[in-house]
Amino acid sequence: MATLEIHDLHVSVEADNGPQEILRGVNLTVKQGETHAIMGPNGSGKSTLAYSLAGHPKYTVTGGTVTLDGENVLEMSVDERARAGVFLAMQYPVEVPGVSVSNFLRTSATAIRGEAPKLRLWVKEVKAAMERLSIDPVFAERNVNEGFSGGEKKRHEILQLELLRPKIAVLDETDSGLDVDALRVVSDGVNRVRESGEVGTLLITHYTRILRYIKPDFVHVFAHGRIAESGGAELADKLENEGYEAYVKGGATS
Amino acid sequence: MAENTPAGSTTDGAIQVGGAPQPIDARVSAPASYDVADFPVPHGREEEWRFTPLERLRGLHDGTAEAKGGLRIDVDAPEGVTVETVDRQDPRLGRAGKPVDRVAAQAYSAFEKASVISVPKDTVLTEPVRIGVHGEGGVAFAHQVIELGAFAEALVVIDHTGDATLAANVEFVVGDGAKLTVVSVQDWDDEAVHVAQHTALVGRDASFKSVIVTFGGDLVRLQPRITYAGPGGEAELYGLYFTDDGQHQEHRLFVDHDAPHCRSNVVYKGALQGQGAHAVWIGDVLIRAAAEGTDTYELNRNLVLTDGARVDSVPNLEIETGEIVGAGHASATGRFDDEQLFYLMARGIPADEARRLVVRGFFAELVQQIGIPDVEERLLTKIEAELEASVG
Ligand SMILES: Nc1ncnc2c1ncn2[C@@H]1O[C@H](COP(=O)(O)OP(=O)(O)O)[C@@H](O)[C@H]1O
Ligand SMILES: [Mg+2]
């Protein structure tokens, strides 16, 4: 069973006045089949965690370990991490001019699966996945994320999630900026992948709204670059009622 | 595409309608002439020289370059085509237009023999005419004329290889109703310097298609120029360049709409990478008062793959009559940035493949537009090779 283990992770970014520590000792274990919600106020370091797991060059790991089934993830390049089974649905997906969605998806699936998917089956697979996410087929010929609306970008991220079938999926605020219909479509997509039982999900969100559609096994409150409290789904209800206030104040001096 | 402009690029440009302070044809330092003595030695601040590193021209611009080099020209022409080597006095030379700058005039004043390739009237070639221009080192001056009689059709492929310091004029005289496609590939060795004026005179209802492909050389500066001999002519000017470390590649186009109901369409795309890679694109289109019914569009796009590369892209459209069908231009320089690279890599795609994907995508549409299958194939292979060499 695939297991992602994050142990005492410290991460800095280069700011104007030198390196600034953002993650201050994150501990978390995500197993295949589990869904962990990470909730926290803006600026608490959620995206930093997501990007650090995917290996974004802007973030420097200054301490701690991340392993996937015992393999050192931090030593892997960005593409190696993806091929090892780590997937990041980005909060702000990037436009890639000149590269069509269909070309991108196929190149990516070929890289992740280790061989080019059989063309006929692949075409069907993509078509079906796009249909399930209510993505207009014309998007296949559009350039990656170019001119996509916020909601279209997020659906495109989940399309990749469905096609690439990672071991660990990190979803960074996939729910932000979505209206209720789009939220449902996206959540259904995530749930389909979860139902396979083969993915461990790290659902990063600012709001509890998405947890009505995607039921987490664990909820972690993120504040000041670390997990401040962990619990079950009931913790989300508490946050819904009380907000992040307690955590924001609590950590201000730490 | 992303319209973010990398540091050190310019994409100014202008559309001027009537009464421009400095008309396109007046922006040069001397009127066109066959005689090099009519042009002052450029110092580098002139409008037509301001982007070119003169010190890398090896004296082509100041009279110090002596024609001591070797240049081999092989012409492989299908039946029905006449290939001649002629003297300077041959009356068929110089008809498409005069040299417009000092180096072109230098070439015109200094070449010894010219090649004249003629496709007779009504002859439709099914095989291309292939011209191999191979530099064997040193300075050379060359002159070529490619002429199509009325209603003739031909594809001419000019391949530049080897090492040379070459100044050349190539003339295209396209007869009424004729169709000429010219592919000029600059596949020079790293040291080569190539400065050439390509002058086309497009006959009544004739079509001229030019495909300029520049990969190699230390300095390449080409000036495709179009004039129309009568109404109804059409010019399609395509260009593709891949500018690496230290290379200077300059394409200066001029379309002179002086006859009514003519069309022109210009699409140039370039990718740049490496320290000191410099691409210059100048697109001058002049619609004169007589050119009613003109339809023109020009586009230049650049993709900057790494830091340290520089693009200067300057479209200029000048319109002296309101009675036109359409006129437009666009220029954009985008960057393949770290975020795009990260996004593709985060989907399992290795860095070099990610870069290839983006570059191939960038050129794909243009390569298709060129519409000559065996050229398409070659271009794609060449682009792959360039990427291989630089990314690998
Ligand atoms: N490149 C950067 N330079 C400086 N500060 C940064 C950079 N990236 C993130 N930060 C800071 O790190 C903190 C956490 O940001 P982020 O991980 O995006 O938070 P979240 O996703 O929880 O809103 C914020 O205070 C943010 O300003
Ligand atoms: Mg965030």
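Just so it is clear, the model here is predicted, and its values are computed rather than measured.

What counts and what doesn't
- Sequence order sets the numbering: in each chain, residues are counted from 1 along the sequence as written.
- Following the order in which they are written, the chains are lettered starting with A and the ligands numbered starting with 1.
- Per-residue local features of the predicted model are confined to residues with pLDDT of at least 70, and side-chain atom pairs are confined, for both listing and counting, to 80 or more; whole-chain, interface and lining totals are unaffected and use all residues.
- Side-chain descriptors were evaluated using all non-hydrogen atoms of the structure, hydrogens and water having been removed beforehand.
- UniProt positions are given in the numbering used here, feature names are shortened, and annotations may be inferred rather than shown by experiment.
- Note on conventions: DSSP H or I runs of at least 4 residues are helices, E runs of at least 2 residues are strands, and numbering of each starts at the N terminus.
- The near set for a molecule or strand comprises every residue that places at least one heavy atom within 4 Å of it.
- For this analysis, a polar contact is any N or O atom pair within 3.5 Å, provided that within protein one partner can donate a hydrogen and the other can accept it, and provided that sequence-adjacent residues contribute only side-chain to side-chain pairs.
- Calculation of accessible area relied on Shrake-Rupley with a 1.4 Å probe; when residues are assessed, cover is drawn exclusively from the protein chains displayed.
- Note on residue classes: Ala, Val, Leu, Ile, Met, Phe, Trp, Tyr, Cys and Pro are nonpolar, Asp, Glu, Lys and Arg are charged, and everything else, Gly too, is polar.
- Only nitrogen, oxygen and sulfur atoms qualify as donors, provided they sit within 2.8 Å of the metal or within 3.2 Å for Na, K and Ca; with water excluded from the atoms, sites may seem incomplete.
- The cut-offs for exposure are 20% and 50% of the maximum accessible area for each residue type, with area from a 1.4 Å probe on protein chains only; residues under the lower value are buried, those over the upper are exposed, and the others partly exposed.
- Two strands are said to pair when DSSP picks up at least two bridges between them.
- Contacts between residues were defined by any pair of non-hydrogen atoms, one from each residue, lying within 4.5 Å.
- Note on method: axes are straight lines fitted to C-alpha atoms, helices fitted across the in-contact stretch only, with angles between N-to-C directions ranging 0 to 180 degrees.
- What makes a salt bridge here is a side-chain nitrogen of Lys or Arg within 4 Å of a carboxyl oxygen of Asp or Glu, nothing more.
- As used in this record, nonpolar core signifies buried Ala, Val, Leu, Ile, Met, Phe, Trp, Tyr and Cys residues forming a set joined through side-chain atoms within 4.5 Å.
- As used here, buried area is the combined drop in accessible area, with a 1.4 Å probe, of two parts when they are placed together.
- Geometry of aromatic contacts follows a simple scheme: Phe, Tyr and Trp rings, the Trp one being its six-membered ring, pair when their centres are within 6.5 Å, and the pair is stacked under 30 degrees between planes, edge-to-face over 60, tilted otherwise.
- Only Lys NZ and Arg CZ are tested; either one counts as a charge over a ring when it is within 6 Å of the ring centre and within 35 degrees of the ring normal.
- To estimate how far a helix should reach, multiply one less than its number of residues by 1.5 Å.
- Regarding the arc, it is the one traced by the directions from the helix axis to the C-beta atoms.

Here the focus is the UniProt feature "domain: SUF system FeS cluster assembly SufBD core" (unreviewed entry) in chain B. Mapped onto the present numbering, the UniProt feature "domain: SUF system FeS cluster assembly SufBD core" (unreviewed entry) falls at residues 135-362 of chain B. Between the first and last C-alpha atoms of residues 135-362 of chain B the distance is 31 Å; the span itself is 9% helix and 62% strand.

Let's shift gears to the site of ligand 1. All names here are of chain A. As a structural note, the neighbourhood of ligand 1 is formed by 14 residues, with Ile-22, Gly-43, Lys-46, Ser-47 and Thr-48 the closest of them. Backbone polar atom of Ser-44 to an oxygen atom of ligand 1: 3.2 Å apart, as the coordinates give it. Its free accessible area being 560 Å², ligand 1 has 67% of it covered by the protein chains. Broken down by element, the shell around ligand 1 gets its largest block of residues, three residues, from helix H1 (residues 46-54). Tallied by class, residues from the shell around ligand 1 come to four nonpolar, seven polar and three charged.

Residue and element names in this part refer to chain A. Around the magnesium ion (ligand 2), the donor atoms from the protein are Ser-47 (OG) and Gln-91 (OE1), and they sit 2.1 to 2.3 Å away. Of the two residues, Ser-47 is situated in helix H1 and Gln-91 in the loop between strand S6 (86-89) and strand S7 (96-100); the sequence distance between them amounts to 44 residues. Pair check on accessibility: Ser-47 and Gln-91 agree, each one buried.

This next bit is on the sheet that holds strand S2 (residues 18-31) of chain A. Residues and elements named next belong to chain A. The strand order across the open sheet built from four strands is S2-S1-S4-S5, with neighbouring strands paired in antiparallel fashion. One side of each edge strand has no neighbouring strand; the edge strands of this open sheet are S2 and strand S5 (71-72). Here strand S1 (residues 3-15) pairs with S2 via eleven bridges, running antiparallel. By the bridge assignment for S2, Val-11 is matched with Leu-23. Along the sheet, H1 makes contact with S1, S2 and strand S4 (59-68), crossing S1 at roughly 110°.

Next up on the list: the environment of Val26(A). Residue and element names in this part refer to chain A. Here Val-26 lies in strand S2. Expressed as a C-alpha distance, the spacing of Val-26 and Val-66, which sit 40 residues apart in the sequence, is 10 Å. Leaving out residues up to four positions away in the same chain, Val-26 has contacts with Ile-6, His-7, Asp-8, Leu-9, Leu-49, Phe-222, Gly-225, Arg-226 and Ile-227.

Another aspect to go through is the pattern of salt bridges. Residues and elements named next belong to chain B. Evaluated as defined, the whole model comprises 29 salt bridges over all chains. The partner of Asp-307 in a salt bridge is Arg-335, and the shortest N-O contact between them spans 2.9 Å. Residue Asp-307 is found in the loop between strand S15 (295-304) and strand S16 (310-319), and its partner Arg-335 is found in strand S17 (residues 326-335); the two are separated by 28 residues along the sequence. Taking relative accessible area as the criterion, Asp-307 reaches 55% and is therefore assigned exposed. A salt bridge links Glu-384 to Arg-360; its shortest N-O distance comes to 2.7 Å.

Turning to the side chain of Thr35(A), a few remarks are in order. Residue and element names in this part refer to chain A. Looking at where Thr-35 falls in the secondary structure, it is placed in strand S3 (residues 35-39). A polar atom in the side chain of Thr-35 sits 2.7 Å from the side chain of Arg-194. When neighbours within four sequence positions are excluded, Thr-35 is seen to be in contact with Arg-194, Thr-201, Ile-214, Lys-215, Pro-216, Asp-217 and Phe-218.

On to the nonpolar core, then. One finds Ile6(A), Leu49(A), Leu344(B) and Phe363(B) to be the most contacted residues of the largest nonpolar core, which totals 115 residues. In terms of residue count, the dominant contributor to this core is helix H3 (residues 351-370) of chain B (nine residues). Discounting residues that sit within four places of it in the chain, Leu344(B) has contacts with Val96(A), Phe104(A), Phe336(B), Ile349(B), Ala354(B), Leu357(B) and Val358(B). If you look at the next biggest cluster of nonpolar residues, it comprises 57 residues, including Ile226(B), Ala235(B), Tyr241(B) and Ala291(B).

Taken together, the contact pairs 18 residues of chain B with 33 residues of chain A. It is Phe342(B), Tyr343(B) and Arg347(B) in chain B that bury the most area against chain A; as a group they hold 39% of the surface buried on that side. Summed over the shared surface of chain B and chain A, the result is one salt bridge. Residue Glu157(A) is joined to Arg347(B) by a salt bridge in which the shortest nitrogen-to-oxygen separation is 2.7 Å. Every element with two or more residues in the side of chain B that touches chain A is listed here: helix H2 (338-345) and H3 of chain B. The element best represented in the side of chain B that touches chain A is H2(B), accounting for six residues.

Glancing now at the packing of aromatic side chains. The tally for this structure, following the rule as stated, stands at nine aromatic pairs over all chains. Centre to centre, the rings of Phe362(B) and Phe363(B) are 5.1 Å apart; their planes meet at 65°, and the pair counts as edge-to-face. Through a chain of ring-to-ring contacts, the aromatic side chains of Tyr51(A), Tyr59(A) and Phe342(B) assemble into a single cluster. Over the aromatic face of Trp49(B) sits the side chain of Arg221(B), whose NZ or CZ is 3.7 Å from the ring centroid.

Residues and elements named next belong to chain A. With mixed pairing, six strands are arranged side by side in an open sheet as S6-S9-S10-S3-S11-S12. Two strands in the sheet have a free side with no partner beyond their single neighbour: S6 and strand S12 (226-231). This sheet shows a mean twist of 20° between the axes of neighbouring strands, independent of strand direction. Of the strand pairs in this sheet, strand S9 (residues 168-172) and strand S10 (residues 200-205) are connected by five bridges, and their pairing is parallel. Paired with Val-170 across the bridge in S10 is Leu-202.

Before going further, it helps to examine the environment of Gly270(B). Residue and element names in this part refer to chain B. Topologically, Gly-270 is positioned in strand S13 (residues 263-272). Of the residues examined, Gly-270 reaches a relative accessible area of 0% and is grouped as buried. Along the backbone, Gly-270 and Thr-243 are 27 residues apart, and their C-alpha atoms lie at a distance of 7.3 Å. When near neighbours in sequence (up to four residues on either side) are disregarded, Gly-270 contacts Tyr-241, Arg-301, Asn-302, Leu-303, Phe-362 and Phe-363.

Residues and elements named next belong to chain A. Taking 1.5 Å of rise per residue, the 14 residues of helix H4 (residues 119-132) would be expected to cover 20 Å, and the 20 Å separating its terminal C-alpha atoms lies within 8% of that figure. Listing the buried residues of H4 in full gives Trp-122, Val-126, Ala-129 and Met-130. Taken around the axis of H4, the buried residues stretch over an arc of 100°, which confines them to a single face. The outward face of H4, more than 90 degrees from its buried face, is lined by the exposed residues Arg-120, Leu-121, Lys-124, Lys-127 and Glu-131. Residues of H4 that are buried in the fold lie against helix H3 (101-113) and helix H5 (150-164). Following H4 by one or two positions, Ser-134 adopts a phi angle in the positive range, close to 50°.

This part is about the pairing of strand S4 (residues 113-119) of chain B. Residue and element names in this part refer to chain B. Counting buried positions over the seven residues of S4 gives six, a clear majority of the element. In this structure, strand S3 (residues 82-87) lies alongside S4, joined through six bridges in antiparallel fashion. By the bridge assignment for S4, Glu-84 is matched with Val-116. Relative to strand S5 (residues 129-148), S4 runs parallel, the two being bridged by five bridges. In the strand pairing of S5, Ser-118 is matched with Glu-147.

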